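# Geometric and topological summary
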Amino acid sequence: MSATPHHVEVPVSGMDCAGCARTVQQAISAVPGVSSAEVLLTAEKAIVDLDDTAHIEQIHRAIEAAGYGVPETDPRPTDREDDVTDDSADDVSRQILRLFGSIFAAVLVVVVAGEVLGLLDWLVDAVPWYVGALAVAGLGYPVFKQVVRSTLRGHIIAHTLMAVGAGAALIAGQWVTALIVVFFMRMGDYAERFTTEQTRESVRSLTRMAPQTARVVWEDEERTVAVDEVEPDDIVVVRPGERIPVDGIVVAGHATVDQSAITGESMPVEAVPGRKVFAATIAGGGSLRVRSTAAGRDSTFGRVIEMVQQAERHRGAVQRYADRFSTYYLPVVAAIAGATYLFGGGLMATVAVLVVACSCAFALATPAAILASVGAAAKQGLLIKGGKYVEALSRADVVLVDKTGTLTLGRPEIREVTTLNGFSEDELIRLGASAERYSEHPLADAVRRLAADRGIELAEPEDFHAVPGAGVHARVNGMDVRVGSERVAGVAAAAASTLELATRTGTRLYIDVDGQAGGVLSAADADREEVPVALDALRQMGIEHIELLTGDRQDVAAELASRLGITFKAELLPEDKIEIVRHYQGHGHTVVMIGDGVNDAPALAQADVGIAMSRGTDVATESAHVALMRDDWSLVPSLFRIARRTMGVVRLNIGFTAAYNVVGLALAAFGFLPPIYAAAAQSLPDIGIMANSARLIRQDDGRSRSHAPVT
Ligand code: ADP
Ligand code: MG
């Protein structure tokens, strides 16, 4: 059998905590033929790299042997009315949080009071030891089972040390202590399960917005089919008030569409024939016929969900650090416990050490916060493709911005036509527009529009070549036509330098025809109005270094840059843009690049965080790490704000847990902390982190919106 590598996705059920994900990951990696496995806790699946020698059944068996399940199929989200469930899910989680707090407080009061009044000692005397032992075994069964399983596989988990502590207390006759330790272990488990569930819920509330069925017109009849069965070019009927089931082009009808599911913006847009509409947006006030271009997982919304689910894959340095930390941490705790016992600290102090420091909090601190904010950001119209970009954004200090289509609207218009060498205006435009016929560039669009306005018929270009950041060349009616900057049309550029052109600023498209200067088209593009305010917001966050990178001429760039109060570099090729990103990175900066075009794609990918504008080219959106889902620059400062707030929470989580554990360990080792208090104390960080991360899930960047509630 050949060993062709490929990868499969396997759904996994029953994982509650980061430790579970690690267990499953190790189990799958041990299967022969598997080269690597990644387990996504929130998406509840494993992504496995394997070759032909590996059997999928073996992977299933490995997962099951590790104590987890493999659901038959992807659990399909039910088509519930999301706005209602969103709110109630929110309520439920708040209620659980409150319930949690009360149980915790009640037990704490009883334990402290019992200890102070000597009731616990009385209880130990009054109730036979074996009854207490049975209670411990009963309450602790799920955690003991987990501990035994991982011990058999040679892994030590946080619960292992606590279980040893509980066992020691039991043997010393302190069954009440053991029982309380076990109780708080279970509490910790619930805390973690709850946090995981809540993060999953924020992804699921997105999934729930995905349409499940579509009404397809087939031989003049309407048929309801699953969205996955809709083929490109199928005609889909959308009734007023319904979610549009597919991405497509409106062919008939009129409606106002609420696109908040995709863009986070609830201002409706008009849908008329010819307009593009997106799956999961809501058509109001009329019905539509839509010719499908993409459905299900291939639709824009499907890809959003996919990316949010996968955000867990790109772990940041902070999280890797935390993972590694917890690996070394447990042996250290075990050593301190050993030392406490050996140096006469007594059995109870040893038990306290084992119990106090072993919470799941470290494992919980980062993923909970980052996933929560990726989900919340998606609902605002910001698609963040991985946790590590949140981290990078929070410490970014250099922001590089493209000009055309990014700082400007990218709808340039040709304002002036200058002909040379006896070409007529119409002939020049015909040649230029024909050469530009298949270019995706906004300037090409401007030339084509000008030709259309003048009723000029285009010829079919041959040997079409686009030179990103410079222009195009092609053969038109056997002539070699070159359109663009002086890099592609140097002859016309040289000829024009001796001319007095009426528009001094503005982008120039030089046109060479068969090595002769044909003429110059001057284009002007409107600025985006939200840019100055957005740039100010960035400066207020302490990001001083903002620089314009453009392929356009020096004077055009200088004029715009001075108006925006930023520095600039002009006449750049795509390679130059990527070099500039590398240059800053080499000097220790964390670089954010914002762009839209084919010529920006390499720089977007190279940057620590590449941000693609919403109407950018596909290759820019693919190369970037964050995609804006709405054409609005104010999303950029929002993005920075979300990232900073998230990392603030993460740091608080980790710092708090670390400080807490150090103090707890010291108190326990020197006998100042009875095991009972130690048990109660260890579950506090879990609760704190839960509350802290729940705060992020609800983050709304201070701007209130009427639709798409943020869970
Ligand atoms: P920016 O970096 O500002 O987004 P580009 O790099 O896309 O701008 O383009 C830089 C310059 O290259 C433009 O100002 C224009 O002169 C020229 N150019 C690029 N593509 C084309 C094209 N398709 N047609 C004409 N000119 C082009
Ligand atoms: Mg551009």
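For clarity, every value in this text was computed on a predicted model and none was experimentally measured.

### Focus: the site of ligand 1
- Within the structure, ligand 1 sits among 21 residues, and D402, E436, H441, T550 and N599 are positioned closest to it.
- T404 places a polar side-chain atom, nitrogen or oxygen, 2.8 Å from an oxygen atom of ligand 1.
- H441 is positioned such that a nitrogen or oxygen atom in its side chain is 2.5 Å from an oxygen atom of ligand 1.
- Expressed as a share of its isolated accessible area of 550 Å², the protein-covered part of ligand 1 is 97%.
- Looking at the shell around ligand 1, the elements with two or more residues in it are β17 (471-476) and β19 (507-513).
- Top contributing element to the shell around ligand 1 by residue count: β19, with 3 residues.
- Looking at the shell around ligand 1 residue by residue, the class counts come to 4 nonpolar, 11 polar and 6 charged.

### Digging into the sheet that holds strand β12 (residues 288-295)
- Strand order in the open sheet made by the 6 strands is β5-β4-β6-β12-β7-β10, with antiparallel pairing throughout. Both outer strands of the open sheet, β5 (221-226) and β10 (276-277), are each paired with one neighbouring strand and no more.
- Relative to β12, strand β6 (residues 235-238) runs antiparallel, the two sharing 4 bridges. Within the sheet, the bridge partner assigned to V237 lies in β12 and is R289.

### Let's talk about the coordination of the magnesium ion (ligand 2)
- Each protein donor to the magnesium ion (ligand 2) is listed here as D402 (OD), T404 (O) and D596 (OD); together their distances run 2.2 to 2.4 Å.
- When the donors of the magnesium ion (ligand 2) are listed by position in the chain, the intervening gaps give D-x1-T-x191-D. Like D402, the residue T404 is buried in the burial classification.

### Some remarks on the packing of helix α14 (residues 425-435) against helix α15 (residues 442-453)
- Between α14 and α15, the least distance of the axes is 9 Å, while the angle of their chain directions is 135 degrees. Compared by their axis directions, α14 and α15 come out oblique. Judged by the sense of rotation from one axis to the other, the crossing of α14 with α15 is left-handed. From α14, I429, G432 and A433 reach across to α15, where they touch V447, R448, L450 and A451.

### Some words on the packing of helix α11 (residues 347-356) against helix α22 (residues 635-669)
- At a closest axis distance of 8 Å, the pairing of α11 and α22 adopts a crossing angle of 170 degrees. If you check the angle between α11 and α22, you find them roughly antiparallel. Residues A349, A352, V353 and V356 of α11 lie in contact with α22, whose contacting residues are N661, G664, L665, A668 and A669.
- When the residues that make up the contact of α11 with α22 are grouped by side-chain class, the tally is 7 nonpolar, 2 polar and no charged.

### Here we look at unusual backbone geometry
- Positive phi outside glycine occurs at E219, with the angle close to 50 degrees.
- Here E219 is to be found in the loop between β4 (213-218) and β5.
- For E571, which is not glycine, the phi torsion reads 55 degrees and is therefore positive.
- Checked against the element boundaries, E571 lands in the loop between β22 (567-569) and α19 (574-586).
- The partly exposed category is assigned to E571, whose relative accessible area is 32%.

### Focus on the environment of A517
- Within the element layout of this structure, A517 appears in strand β20 (residues 516-524).
- A C-alpha to C-alpha distance of 8.7 Å links A517 and T419, two positions 98 residues apart in sequence.
- Residues in contact with A517, not counting those within four places in the same chain, are L420, N421, F423, V491, A492, A495, I511 and D512.

### Focus on the sheet that holds strand β9 (residues 269-271)
- Overall, antiparallel pairing links the 3 strands, which are arranged β9-β8-β11 in an open sheet. A strand with exactly one partner marks an edge of an open sheet, and here the two such strands are β9 and β11 (282-284). Each neighbouring strand pair of the sheet contributes to a mean axis angle of 40 degrees, computed without reference to strand direction.
- With 3 bridges connecting them, strand β8 (residues 255-258) and β11 associate as antiparallel partners. By the bridge assignment, V257 is partnered in β11 with A283.

### Examining the nonpolar core
- Counting residues in hydrophobic clusters, the biggest one holds 65 residues, and the most contacted among them are F301, L407, L538, V592, I594, W633 and F640.
- For this core, the element with the most residues is α22, which contributes 10 residues.
- If we skip the residues at most four places from it in the chain, F640 touches L393, A396, V399, L538, M541, I543 and V592.
- Residues F104, V111, F184 and A357 belong to the second largest nonpolar core, which totals 45 residues.

### Remarks on the pairing of strand β24 (residues 609-612)
- Covered by surrounding structure in β24 are V609 and I611 together with G610 and A612, the residues of both alternating faces.
- As defined by bridge partners, strand β23 (residues 591-595) adjoins β24 across 4 bridges and the pair is classed as parallel. Across the sheet, the residue bridging to V592 is V609, located in β24.
- Pairing of β24 with strand β25 (residues 626-628), which is carried by 2 bridges, proceeds in the parallel orientation. Residue I611 lies in a different strand from β25, and its bridge partner there is V626.
- In this region the chain leaves β24, passes through helix α21 (residues 618-623) and returns to the parallel neighbour β25; the handedness of that crossover is right-handed.

### Let's talk about the pattern of salt bridges
- All chains considered together, the criterion is met by 22 salt bridges.
- Between R449 and D445 there is a salt bridge, with the nearest N and O atoms lying 3.5 Å from each other. Of the two residues, R449 and D445 both sit in helix α15, 4 residues apart, roughly one turn of that helix.
- For R449, a relative accessible area of 22% gives the class partly exposed.
- For D445, a relative accessible area of 26% puts it in the partly exposed group.
- For D527, the salt bridge identified is with R563, shortest N-O distance 2.2 Å. One end of the pair, D527, is in the loop between β20 and α17 (531-540); the other, R563, is in helix α18 (residues 554-564), with 36 residues separating them in the sequence.
- On the basis of relative accessibility, which here comes to 29%, the residue D527 falls in the partly exposed class.

Reading the values: rules and limits
Residues numbered from 1 in each chain as written. Chains lettered and ligands numbered in written order. Predicted model: local features only at pLDDT ≥ 70, side-chain atom pairs only at ≥ 80, totals over all residues. Heavy atoms only, no water. Near = heavy atom within 4 Å. Polar contact = N/O pair within 3.5 Å; in protein donor to acceptor, adjacent residues only side chain to side chain. Areas by Shrake-Rupley, 256 points an atom, 1.4 Å probe, with all protein chains shown as cover. Helix = DSSP H or I, 4+ residues; strand = E, 2+ residues; numbered from the N terminus. Nonpolar A, V, L, I, M, F, W, Y, C, P; charged D, E, K, R; others polar. Pairing = 2+ DSSP bridges. Donors = N, O, S within 2.8 Å, 3.2 Å for Na, K, Ca; no water. Buried < 20%, exposed > 50% of the residue type's maximum accessible area, 1.4 Å probe, protein only. Axes fitted to C-alpha atoms, helices over the stretch in contact; angles between N-to-C directions. Parallel < 35°, antiparallel > 145°, perpendicular 65-115°, else oblique. Left-handed = near helix turned anticlockwise from the far one by under 90°. Contact = heavy atoms within 4.5 Å. Core = buried A, V, L, I, M, F, W, Y, C linked by side-chain atoms within 4.5 Å. Right-handed = clockwise from strand over helix to strand, strands pointing away. Salt bridge = Lys/Arg side-chain N within 4 Å of Asp/Glu carboxyl O.

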